[in-house]
Structure formats: C-alpha cells, structure tokens
Amino acid sequence: MRILKIGVILILLLNITGCWSSKVELDELTFVYGMFIDEGKEQGTIEITINSPLPNRLNAAGQPSSGGGGDGKTYSTVSKTSGTIADAMLLIQKDLTRKLSLAQLKVIVLGKTFAEQGISELLLWIEREPSLPLGAYVMASPGSAKEMSTLAPIYEQLPSDVLKNFGSERYLFSTTVKDCLFAESSGVGFAINNLSFGKKEEAASKDGKPEYWAGIQGAMLFQKDKMKGVLKLKEGRALAWAAGSLKLAVYSVDWDEGNGGASVIFVSTKSSKKLNQTDKGPVFTVNLKGKASVIYLRDPKNRDAEELGQIIIAKLKEKVSDHLTEAIRNTQKAGADILQLGLLLEWNDPKQWKQVRERWDNYYAQEADIKVKTDFSIVDFGTAK
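Right, let's walk through the structure included here. (Residues numbered from 1 in each chain as written. Predicted model: local features only at pLDDT ≥ 70, side-chain atom pairs only at ≥ 80, totals over all residues. Heavy atoms only, no water.)

## Quick notes on empty space enclosed by the protein
In this structure the tally under the stated criterion is 1 cavity of 30 Å³ or more. Looking at the largest cavity, its volume works out to about 40 Å³. If you go around the largest cavity, the residues you meet are I108, I119, L122, L123, I126, V138, V177 and C180. Here the element with the most residues in the lining of the largest cavity is helix α4 (residues 120-127); it accounts for 3 residues. Taken together, the residues of the lining of the largest cavity break down into 8 nonpolar, no polar and no charged. (1 Å grid on protein atoms, 1.4 Å probe; cavity = no way out; pocket = protein on both sides within 12 Å on 5 of 7 lines; lining within 4 Å. Points joined across faces, edges and corners; volume = space filled by probe spheres on them. Helix = DSSP H or I, 4+ residues; strand = E, 2+ residues; numbered from the N terminus. Nonpolar A, V, L, I, M, F, W, Y, C, P; charged D, E, K, R; others polar.)

And the structure:
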C-alpha cells in the first residue's frame, strides 16, 4: 500500500513539471494577432506587417504596466518586404528574440493594390501553414494595409483587436480564412469588409500627435481569388443581410413628403435563397426576413399603431429591396457570385451545374435571373405607442 501511495505521488509530481515546461515554451513565443499584407515598393515583392502584444508591458491581469520603457505601447509592429509571404515572415523572425506563432492570429488585412492583383499566393500560403487559424477574419484596406496597424486602439489593447471586433460583432461581413478558401475551391465569390481610415480630429495622444481611426465603409468583392469591385455601405449592408452575416441593422424612412418619419432597429435578421426551374432557365429568389423595433417616430397626423406599422413596413420593404437589388446588380456587373448561388444550383440541379460551372462567372454576370423578396414585421413602437 505504501508503495502504491508513493507511485501516485510521483505521477502527480510529473504532471506539475509538465505544466512548468509549458510555461517556459509560452515565454519563448511571439504571438501574432494581426497580419497586414501590401504590395512591395519593388515590382514582384510583398510587404508583410505583423501586430503582436508585448508581454513585458502587460501585468498578470493583461493590463498595461508601468514597466518596459519605450513609449508605453503594449504592442509592437514589425514590417519586412520580400518576394513571397513565407520569405517576408522569415525576415521578420530573424529580427525577433522569440519564435513567431500564428496560432492566435485574429485578423488579416489586405492592401487595396495587393487585393487588385489577386490573393492566390496568400491562399496557397495559408493552405500550407497549419498553425494559422481558419477562424481569423479577412478584411481590406482602402489604401495601404500597413496603415491599419497604426490606428488608435482606444477601447482595446491592440489595433488588431479593434479590427477583429468588426468581424465578430457582425457589423457587416464576418468573412474568415475558411470562407475564402471554401469560395476559391468551389468556384464562387465572397465579400470582405472594406475598411475606412483617417485622422480623428477631436482625439490626440498624450504627446499631441493625431490619433487614427478605422471603420467600415462598405464591402470588397472577390470571385475566387480575384478582387472584382467594391460596394458602398448601404448596398454592402443589404448584401451582408442576404449572406446571413448581418447581426443588427438600423434603417430610417419617411412619408408624407418628409413630414412623417421613423427609425427602426432590426432585432432579428434572417435570409434564405431558393431556386425555381422555369422554361427560361433557373430563377433565384433571395428573401430577407426581419423583426424591427421603432426607436424614433414622427407622425403629425397621429395615426394609430396599426396604420403606422403598415406604412413603415411598406417603406422599409421598398428601401431594403432597392438596396439589395442594386447590390446584386453590382455583383453581376463585377462577375462576383457573393451569395454563392452557384452552389445552390449545384445542390438542386447537378447536371445543369456541370454544364455551366466552367463559365459560371460569365453566366452569373449575364444570364442569372435573381429576384428579391422581403418579409418584415414591427414588434414594438417603444413607449410612445
């Protein structure tokens, strides 16, 4: 019995040493939270910028500490340029005292020029980089991706945390690495958030330097690995709704020549896609559903809630339908099947999909018949009604 107890104690001690060993390994790693990819200044080169936390400037609770020296930032950015992404990452590694780890990567931002030239090299590199998480969000910059790493993380620790929240909170699209790989291999399209960037005039750092602010200004469209165009925010919002990505939406409508008006927030947003075969070919129908709460109301005629509900719903249907119709029309002009209707055709009619798959880009742009339907309801009028 005594020998058995000693054996159990030894096993427990071995487990404790294993935990200590893991801590040493973590202390030897640099976790990359954000990756920013641009075309290099020299033709045929790529500039990679990484965003990573500085553990020596964070206390045990993950909050900024007073130690560490420097300008007090809790994160660092490093940039290198080379002929390939892999070579640029190797150059970054050579300048660091810790081994790079992509296991915690939260966001990849594409510079506009890099996106316009196609992202096939990025997708190929991702396929062969096993440590990179498939759930990392992919977004686009209106200019240089690198400049996004300089935004002021007012409410977060790192710039990459700010950008990650744009995806996780589903303000527009929440496209991940996995989504991009799936679309590319399936021969359909995808959309990513097209960010905005600029000075925030009313905010300045402690040393008086201007702070930079990022937001979402619309969507960037891709077919397979090629950037095909961009959408404005209102069109991008409707398309994100149709793609099942949008979490909340706020719309304002008016009537009686602007004398009456209302603003609503959709507390529930759903979408569905349907295919009907007709004598003229397949007809796709995109249906948006939503439940809205009225957050602002102005009606000089003081109508009752039932009549106002009918007016607001009719105006909402008209507005949202127009936005989505325009968005779909622009995706067709770009030849980018963002709603992945090709996969719907493949599922319902594999034989016809086989006939058009190789020319799906052109078929979607020139022949696809796409209808839009909406189904909305008002769940409450606030305290006024």
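Next comes the rest of the account.
## Examining the nonpolar core
L163, L239, F266, I312 and W360 are the most contacted members of the largest nonpolar core, which totals 65 residues. Here the element with the most residues in this core is helix α8 (residues 305-334); it accounts for 10 residues. In terms of nonpolar packing, the next biggest core, distinct from the first, is built from 38 residues, M89, L100, C180 and F190 among them. (Core = buried A, V, L, I, M, F, W, Y, C linked by side-chain atoms within 4.5 Å. Buried < 20%, exposed > 50% of the residue type's maximum accessible area, 1.4 Å probe, protein only.)

## Structural notes on the sheet that holds strand β11 (residues 249-255)
Taken in spatial order, the 4 strands of this open sheet run β11-β12-β13-β14, and their pairing is mixed. What marks the edges here is a single partner per strand, and that holds for β11 and β14 (369-380). Here the average twist between neighbouring strands, direction ignored, is 35 degrees. As judged from the 17 bridges shared by strand β12 (residues 260-278) and strand β13 (residues 281-298), these two strands associate in the antiparallel manner. Bridged to K270 within β13 is K289. Its contacts with the sheet place α8 against β11, β12, β13 and β14, and it is angled at close to 150 degrees to β14. (Pairing = 2+ DSSP bridges. Axes fitted to C-alpha atoms, helices over the stretch in contact; angles between N-to-C directions. Contact = heavy atoms within 4.5 Å.)

## Thoughts on the packing of aromatic side chains
Per the counting criterion, the structure on display carries 11 aromatic pairs. With centroids separated by 4.9 Å and ring planes inclined at 65 degrees, the aromatic side chains of W241 and F266 adopt a geometry described as edge-to-face. Here F266 lies in strand β12 and W241 lies in helix α7 (residues 233-242), a separation of 25 residues in the sequence. Residue classification places F266 among the buried positions, given a relative accessible area of 0%. Judged by centre distance (5.4 Å) and plane angle (65 degrees), the ring pair of W353 and W360 falls under edge-to-face. (Phe/Tyr/Trp six-rings, centres within 6.5 Å; stacked < 30°, edge-to-face > 60°.)

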